[in-house]
Every structure is written in structure tokens, then in C-alpha cells.
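One-letter residues, chain by chain:
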Amino acid sequence: MRRLIITADDLGRSHEMDSGIADTVRKGLVTAVSVMATGETVESGLAGLAGADSVSLGLHLVFTQGRPLSEPALIPSLVTPDGAFESSVFRLSRRQIDVEHVFTEAKAQIARFQRLTGKMPLFLNTHQHAHLMSPILSGMLMVCAHHGISRARLSMDHWPIPTPRLRSFIWPLASVWAYRQQVRYFDAGIQHPDRMLGGPTSERLTTSALCRLLSRVGDGLTELVVHPAFGSLDSDALASAAAERILQKRSIRRVGFDVL
């Protein structure tokens, strides 16, 4: 059986992203949404999902880009001198990260998610797949144990489509790191999809690329990661007739994280 979670990341990042995600949710094109509790538009973004009870709502933990919810003095290994996060996961990887600082900030982000939604996130993942890094993963697993969260993203891209972008060349290596992620999940009792798709095509998902990805969905549970900002390539691809034909022809069933 081929089952596919289609997750829209970055709710709360911008009004364009939020409106695009809300549109794909209304049309039944995505089955899960990752919320940025640190995002400037997160409150209005969540309001746009009102009534969408069938979609899986998770937390997109942020440790790069923007500002933390914790006082910077409490998490110095995660922030720059001006109290902001590093601009990219590559810059973050050069820091000596304290796992307790990751735990502190993750708890703060979960607390805001709870205040805004009235419930715990069904699943966790991280912005820019930061939890491929060992200290970020350790802090994330600590917060999972603390709050009883048992589902997370496995950043193991099953078939990274080559693109001219730098991330295209990094993803094969990232998928190797994800084997360590998978072992840590097993030890911690964390459930996850069998594989992921869409890493290198993030925010550049054309219809032809989406069709190629859907043609690679195998048996088991796959997560497809998308960023369907309003009027973006991702949103157009998800709504395309070509993608729908492949889903139906290959009997790919859209599901949420609740199947785990």
C-alpha cells in the first residue's frame, strides 16, 4: 500500500505562505501542516486554518533565521551577539551547541504552540532540517520525552532530484546522516514515515518535478515536504491535474501523521 503524507512547512513565516497553505488545506491537497511558533504571522496563519480539523498539525522547531522565544541569555550557544538565530543551518553547525539550550528553546516553542492551538503538536520537525545535527536532535528528543510527543520527521530523502542549487549536492550526504537520526528515533520510541521526498526541490517544486517524485513513491509511508506559498511553484504543482492523475493511477493514498 502506498501512503503519502503531504506536509506544508513554515506556517507563520509570511502572509503569502500562510494564505497558500490555507488554500491547499481547503482543497485537500496537503494532509499536514508544520507551524513556526516563532513566526511573525503565526496567529493569523492558524486562524486561516480554522475548521480544518482533519489536517495533522505539528511544530516546525526553529533554530535558524529569526529570533528565539527564550531570552537570549538563557540560550547563548544558539544565538548571535544581537540575540538572533544564525541565518542558516550551515552557520549553526559551526557553533558549539549546548543541548540544554536546545531543550529550553524547544520547550518555549511548544508552549506557544499550545497557547495558540489549545493542544500539543502531533509531530515535530525542524526548520532547514536542523535536527540532522546531533545536538539539535538530542534536544528535540529530550523535549519529545518531556511532553510525550511520539512522531517526527525522518530527513531521509528517498530520491533527491538534482538541481543547480547547493542543497542538491548536500542532500545525498544528509540522507546518510538521517540513518543516525533513524537509529536515535528507534531508541527513543519515536515513530516516523519510512522516507521523505522534496528536500532539494524546496520552494522550487515544479509540476514536472512533483510528477517525478510521485512516480517514486513506494510501498509504506512517505512524507512529501512542500512550501506552497500563494502563487508559488509548489502550490501550482500540488493543484495540477497531472499530479492528481499520478496519485490516482498509482493508488497513492493521502494520509496524515495520525496513521503512525
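Scroll up a little and you will see the structure.
Residues numbered from 1 in each chain as written. Predicted model: local features only at pLDDT ≥ 70, side-chain atom pairs only at ≥ 80, totals over all residues. Heavy atoms only, no water.

**Regarding unusual backbone geometry**
Which entries qualify depends on this criterion: Labels follow the DSSP assignment, with helices taken as runs of H or I lasting at least four residues and strands as runs of E lasting at least two, numbered in each case from the N terminus. For each residue, the accessible area found with a 1.4 Å probe, counting protein chains only, is set against the maximum for its type, and the residue is called buried under 20%, exposed over 50%, and partly exposed in between.
Although it is not a glycine, histidine 129 sits at a positive phi angle of roughly 55°. Within the secondary structure, histidine 129 sits in the loop between strand 4 (124-126) and helix 5 (134-147). Classification of histidine 129 as buried rests on a relative accessible area of 14%.

**What about the pairing of strand 1 (residues 2-11)?**
The cut-off we apply is this: Whether two strands pair depends on DSSP finding at least two bridges between them. We call a crossover right-handed when, viewed with both strands directed away from the observer, the connection leading from the first strand over the helix to the second proceeds clockwise.
Burial within strand 1 is extensive, with eight of its ten residues counted as buried. Pairing geometry for strand 1 and strand 2 (residues 32-35), over three bridges, is parallel. Following the sheet pairing, threonine 7 is matched in strand 2 by alanine 32. Between the parallel elements strand 1 and strand 2, the chain passes through helix 1 (residues 15-26) in a crossover that is right-handed.

**What to know about helix 1**
Cut-off, in case you're wondering: Residue count minus one, scaled by 1.5 Å, sets the expected span of a helix. The contact definition used throughout considers only heavy atoms, calling two residues in contact when any of these lie within 4.5 Å.
Between its terminal C-alpha atoms helix 1 stretches 16 Å, which fits the 16 Å expected from twelve residues at 1.5 Å a residue. Those residues of helix 1 hidden inside the fold are in contact with strand 1, strand 2, helix 2 (42-47) and helix 8 (233-238). Directly after helix 1, the chain includes glycine 28, whose backbone phi takes a positive value near 75°.

**Focus on the packing of aromatic side chains**
Quick note on the threshold: In this scheme Phe, Tyr and Trp rings, the latter by its six-membered ring, pair at centre separations within 6.5 Å, and the angle between planes marks the pair as stacked below 30 degrees, edge-to-face above 60, and tilted otherwise.
Applying the stated rule across the entire model yields two aromatic pairs. An angle of 15° between the planes, with centres 4.0 Å apart, marks the rings of phenylalanine 123 and phenylalanine 257 as stacked. Residue phenylalanine 123 is located in the loop between helix 4 (99-117) and strand 4, and its partner phenylalanine 257 is located in the segment after strand 7 (252-254); the two are separated by 134 residues in the primary sequence. By relative accessible area, which is 0% here, phenylalanine 123 ends up buried.

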